[in-house]
Protein chains: 2
Amino acid sequence: MKKLTVAAFAMLAATATAFADPLPSWNPGDAKTRIVAFVDSVTDPDSPDYLDPAARVAVFDNDGTLWSEQPVYFQFLFAVDRVAAMAKEDPAIASSPILKAAAAGDIEGALAGGKKGLLEIIAVSHSGLTVTEFDVAVRDWLATARHPTKGRPYTDFVYQPMLELLRYLRDEGFTTYIVSGGGIHFIRAFAEDAYRVPPEQVIGSVGETSFEIRDGTPVIVKDPAIAFIDDKAGKPVAIDRVIGRRPIFAGGNSDGDLQMLQWTTGGAGPRFGLIVHHTDAAREWAYDRDSHIGRLDKALDAAAGNGWAVVDMKNDWRVVHPFELE
Amino acid sequence: MKKLTVAAFAMLAATATAFADPLPSWNPGDAKTRIVAFVDSVTDPDSPDYLDPAARVAVFDNDGTLWSEQPVYFQFLFAVDRVAAMAKEDPAIASSPILKAAAAGDIEGALAGGKKGLLEIIAVSHSGLTVTEFDVAVRDWLATARHPTKGRPYTDFVYQPMLELLRYLRDEGFTTYIVSGGGIHFIRAFAEDAYRVPPEQVIGSVGETSFEIRDGTPVIVKDPAIAFIDDKAGKPVAIDRVIGRRPIFAGGNSDGDLQMLQWTTGGAGPRFGLIVHHTDAAREWAYDRDSHIGRLDKALDAAAGNGWAVVDMKNDWRVVHPFELE
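A brief look at the structure comes next. (Residues numbered from 1 in each chain as written. Chains lettered and ligands numbered in written order. Predicted model: local features only at pLDDT ≥ 70, side-chain atom pairs only at ≥ 80, totals over all residues.)

**Here's the deal with the interface of chain B and chain A**
Right, on to step 1. The partner chain A presents 28 residues to the 28 residues of chain B that form the contact.
Right, on to step 2. Breaking the side of chain B that touches chain A down by element, the ones donating at least two residues are α9 (184–195), β3 (202–214), β4 (217–228), α10 (234–242) and α11 (258–265) of chain B.
Right, on to step 3. The residue makeup of the side of chain B that touches chain A, split by class, is 17 nonpolar, six polar and five charged. (Contact = placed C-beta atoms within 7 Å. Helix = DSSP H or I, 4+ residues; strand = E, 2+ residues; numbered from the N terminus. Nonpolar A, V, L, I, M, F, W, Y, C, P; charged D, E, K, R; others polar.)

This is the structure:
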C-alpha cells in the first residue's frame, strides 16, 4: 500500500510537470504560442521537424536580451568604477580627459569620447590582471555595486521571462549559448549563477591574453588590446568558430544581433528568431530606433519578412524582473 | 521467475562492466596504472580529490596524440592535394614555385618553403569556400585519399589506446576537448566520426571568415588570412577563451603542447599530464628531439619534474592502430 502511494504521487508529480506552464511570466499571445509550438515541433519524435538534441542549439544576446542595458551597458559602469578605484591607488592612471572623467565617476564625461574613449576605458580597466583575478574583481563589483537610477544590484535586472525560456529550452534538450558583444570574462563571472549558463557556453568579445609563468606558477594575463569584437557580423563568425554548428534558435534585441538572426534562421528546416522589443517605460525602459544603446532599427524592419517573433515587453511579459515577484 | 532472471542478467552485466578493463589496448604498466588511479580519485565520491563532472575537463592535442602525423601533418597533404585539384581547373593558381610544387603533388618541394610556404599553401587551399563547402571537401578527401607510404585512408591512423582513453574519460563524466594546432574546420570534418568529439569540443587554429548574404542566402566564407594559431602558448589562451575552465587532464606529444600541459597541471588539486612518446618504428614511427614534425624536446625534459606520464608507445600500447585488430 505504501509503495502504491509513492507510485501514485510520482505519477501525479509527472502529470503536473507535463501540464505545467513552462513560461509562466509570458502572457498568452503570439510570441508565447509560437515558442511553444516550435519547441514541440523539434522535440516530438513523431514530428516531421524532429531534431536530435545535438542540433538543438539556441543562442542569445546578453545586454538587452537577457538583462537590462540602460542607462548604459553594465560592463561599462564596472569599467568606470574600476578606473576610479585604480586611480585612488595610482592617480597617474587618469592620464587623459576620458580617464579623468572615469576616475571621477563621471559617466557622461566618460561616454563623451565615443567608441575611442570607451576602448580606452576598457583597455585600462580590463588588463593587467590574470583571468582569475579579473573574475574575482567582477564578482566583487556585482556583489556591492548598485544601479545608478534604480538602486539595486545589477544582477537583479535579468529578465524573468528569459530565465524561463532558457530553462524551458534546456529542459527540452537544447544547449543555450550566450553570444554577446560584452566581454567574455565579464559575462562568465555571473552567467552561471544568473542564467545557469556555464563558462564554455559563453561567447563574447575577447581581449588579447598572454600565457606566462610567474614565480613558477602558470597564469593567463589580460592584455589591453582587443582580439575579437563579437558584434554584428562577428556573431555568426564566433558561433562558427566556437560552436561549429548552426543554431536553430536565436534571440536578440538590437541591430548588433541582425546577422546572428539571419545566420540562424536562414538555414533549412525549423528555425526560430526572437527579438525583445523594449516597449515598457514603466517596468523597464522603452527604446528602439533612436537609442544610443541597443539600437533596434534594421533588425526590426527585417523581422516581418523573416518571420521573427517580436516580443512586446509591455504586453507579452507578465513580469519583467524577478524582484517583481518578491 | 522470469523477472528474477532478467534482474540477475542485469546484475551480471553491471558487474561485468564494473570489472571490464576500460583500456584493453594499454599494456599493464606505470602509465595505465596512473591513469586509472587518477580517474578513480576524481570520480569516487568518497575520495578527497573528488570533482564535479563539470570540472572534469580533459584536453588533447590531435596530430601525434590522437592520430599519426608522419611523414607530415595530414592536413598539409590535404592542402597539397587541394592545390593540385584547383590547379587542374585553373592553372593560374600555381603562381609561385611553392604552389607549382604543390600543384605537381611534389610534397618535398611544397615543404621546401618552410613556414612561409606552408602558409601560402594553406591560404590558397583553405579559402574561397563556405565553411559548409570546406567541410564537404575534407570529407571527400578523407574518403578517397591514401597515406603516401602506408596506403591506407588517413583516419585509419587514429590510435586505438587513445580512442579507449577518450571513451573511458567520457564514461567517467569527463568532457574531452581537442586542442590542436591544426585547422578547426579540418578537424571537425572527422572528429565526431573518428573520436566521438562533437564540433563544439574541437579547438584549433582558425582562419579569418566572413559572414555574407549570397543571393539571399547567409553564408560564412573562409578567407586566406590566419586569425589565430592554436599552438604553444596559444593553446592555454584558446582553452581560456573557448572553455573558460582550467582542464585537469592534458595529453600531448610535442613541444607545441608544453604550455597546455603546464597550464593544466600547474593548478591546485588533482591534475594529470600525459605525453605520447613515439618510440615504435615498427608499428608507427620513432621520433622525438630531432624530428621536423612533432618535435618532443623541452616537453620531454619537463615531464619528470612535473610528474607527467610519458607513454612509451612501443611498450605501453598493445595495439597502436585499430586496423591491427582486424
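**Observations concerning the relation of the copies chain B and chain A**
Right, on to step 1. For the pair chain B and chain A, the relating rotation is 180 degrees, the translation along its axis is 0.0 Å, and the fit reaches an RMSD of 0.0 Å. Look at the turn and shift together and you get a two-fold axis relating the two. The C-alpha atom lying nearest the rotation axis in chain B is that of V242 of chain B; the distance is 3.3 Å.
Right, on to step 2. When the interface residues of chain B are mapped onto chain A, 100% of them again lie at the interface, so the same face is used by both copies. (Least-squares fit on C-alpha atoms with pLDDT ≥ 70 in both.)

**Structural notes on the packing of helix α7 (residues 131–144) of chain A against helix α9 (residues 184–195) of chain A**
All names here are of chain A.
Right, on to step 1. For the pair α7 and α9, the least separation of the axes is 9 Å and the interaxial angle reads 60 degrees. Classified by the angle between their axes, α7 and α9 sit oblique to one another. When the axes of α7 and α9 are compared, the crossing they make is right-handed. Counting all contacts with α7, which are made through V131, F134, D135, V138, R139 and L142, the residues of α9 involved are H185, F186, A189 and F190. (Axes fitted to C-alpha atoms, helices over the stretch in contact; angles between N-to-C directions. Parallel < 35°, antiparallel > 145°, perpendicular 65-115°, else oblique. Left-handed = near helix turned anticlockwise from the far one by under 90°.)

**Description of the pairing of β3 of chain B**
Residues and elements named next belong to chain B.
Right, on to step 1. Of the strand pairs in this sheet, strand β2 (residues 175–183) and β3 are connected by three bridges, and their pairing is parallel. What sits directly across from V179, in β3, is I203.
Right, on to step 2. Sheet analysis places β3 next to β4, joined by eight bridges and oriented antiparallel. Within β4, the residue paired with E212 across the bridge is V219.
Right, on to step 3. Counting the residues that bridge the hairpin from β3 to β4 gives two residues, and of these D215 lies at a positive phi of roughly 50 degrees. (Pairing = 2+ DSSP bridges.)

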